[in-house]
Amino acid sequence: MGLLDILLGRTKPGVPDLDRLFALPSAAVTLEAAAGFTPTGQGAVCFATVEGSAFEQTHREVQALLDADTERTGPPVRLVRDDYGYSWLVSQRAPDQLPQLVNDLHAVNSAMEVNGFGPQLLCSLAGFEEQRAAGQAADGRRLALVYLYKRGSYYPFAPLPGPGQRRDSALELQVRAVLAGDLRIEQDLSRWFPVWGAPGL
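Throughout what follows, the structure given in this document is the object of discussion. Everything quoted here is computed from the prediction, not taken from an experiment.

Some remarks on the packing of aromatic side chains
How two aromatic rings sit relative to each other is set out by the distance from centre to centre and by the angle between their planes.
Link 1 in the chain: Inspection of the entire model under this criterion finds three aromatic pairs.
Link 2 in the chain: Plain terms: the ring middles of Y155 and W192 are 6.1 Å apart, the flat faces sit at 20° to each other, and that makes the pair stacked. On the criterion of sequence distance, the pair formed by Y155 in strand 6 (residues 153–157) and W192 in the segment after helix 5 (169–179) is long-range, its members being 37 residues apart.
Link 3 in the chain: Y155 sits in the buried class, given a relative accessible area of 1%.

Okay, here's the thing in structure tokens:
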């Protein structure tokens, strides 16, 4: 960053750093203590859809690698295409297996990078849901912590339950404050892209 950037208040965007994914388990402890959200065990990696045999081979290798995990008890890793044309590689673990889920997300991103598909990577997310005290009905609030691959930063995305595409901005800002010490939070709110209908959320 140059002197002019500093004087004008410009900041350099972050760079991909997949090791930041490993901060999710400790952030989850903070999130549960401060806001009552716990992992769902679902996560996904989003990338621009790629056609061709090279990508198909990479996808098969990644899926075989993750499915070979003898500790995996949930459904196999699956590839899903959303309504907007993006592809998601989805992993499902038990809710108490967030570290293993993070390993899955890291493996997918790493394999994409190594095979030359880094430019197609968009984000990774892990799903959370609100817990209620015994005897109280949950209101269905869900939350994703989204890692922006090209920015090297996180942001919360909280769709409101019910019909339509509405997000709980107040909850997102609350989670930003709660996790500021655990995760590198994306400061540019215009980059907190809604991931409507994302598998794993």
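A short note on the pattern of salt bridges
Link 1 in the chain: A full pass over the atoms with the stated rule returns eight salt bridges.
Link 2 in the chain: Among the salt bridges present, the one from D168 reaches R141, with a minimum N-O distance of 3.4 Å. Pair noted here: D168 is in the loop between strand 6 and helix 5 and R141 is in the loop between strand 4 (121–130) and strand 5 (142–148), with a separation of 27 residues, a long-range link.
Link 3 in the chain: Under the relative-accessibility criterion, R141 is labelled partly exposed at 24%.
Link 4 in the chain: The partner of E172 in a salt bridge is R167, and the shortest N-O contact between them spans 3.0 Å.
Link 5 in the chain: Overlapping salt bridges, with partners in common, bring together E130, R141 and D168 in one network.

Structural notes on the side chain of T38
Link 1 in the chain: Secondary-structure assignment places T38 in strand 1 (residues 37–48).
Link 2 in the chain: In this structure the side chain of T38 is engaged in a polar contact, spanning 2.9 Å, whose partner is the side chain of Q131.

Brief notes about the sheet that holds strand 6
Link 1 in the chain: Read across the open sheet, the six strands follow the order 2-3-1-4-5-6; overall the sheet is antiparallel. The open sheet has two free edges, formed respectively by strand 2 (78–81) and strand 6, since each of these has just one partner strand. In this sheet, neighbouring strand axes are inclined to one another by 25° on average, regardless of whether the strands run parallel or antiparallel.
Link 2 in the chain: As paired elements, strand 2 and strand 3 (residues 86–92) share four bridges and run antiparallel to each other. Note that in strand 3 the partner of L79 across the bridge is L89.
Link 3 in the chain: Running at roughly 135° to strand 1, helix 2 (residues 24–35) makes contact with strand 1, strand 4, strand 5 and strand 6 of the sheet.

Quick notes on the rules
Residues numbered from 1 in each chain as written. Predicted model: local features only at pLDDT ≥ 70, side-chain atom pairs only at ≥ 80, totals over all residues. Heavy atoms only, no water. Phe/Tyr/Trp six-rings, centres within 6.5 Å; stacked < 30°, edge-to-face > 60°. Helix = DSSP H or I, 4+ residues; strand = E, 2+ residues; numbered from the N terminus. Buried < 20%, exposed > 50% of the residue type's maximum accessible area, 1.4 Å probe, protein only. Salt bridge = Lys/Arg side-chain N within 4 Å of Asp/Glu carboxyl O. Polar contact = N/O pair within 3.5 Å; in protein donor to acceptor, adjacent residues only side chain to side chain. Pairing = 2+ DSSP bridges. Axes fitted to C-alpha atoms, helices over the stretch in contact; angles between N-to-C directions. Contact = heavy atoms within 4.5 Å.

Keep in mind that these numbers describe shape and distance, not what the molecule does.
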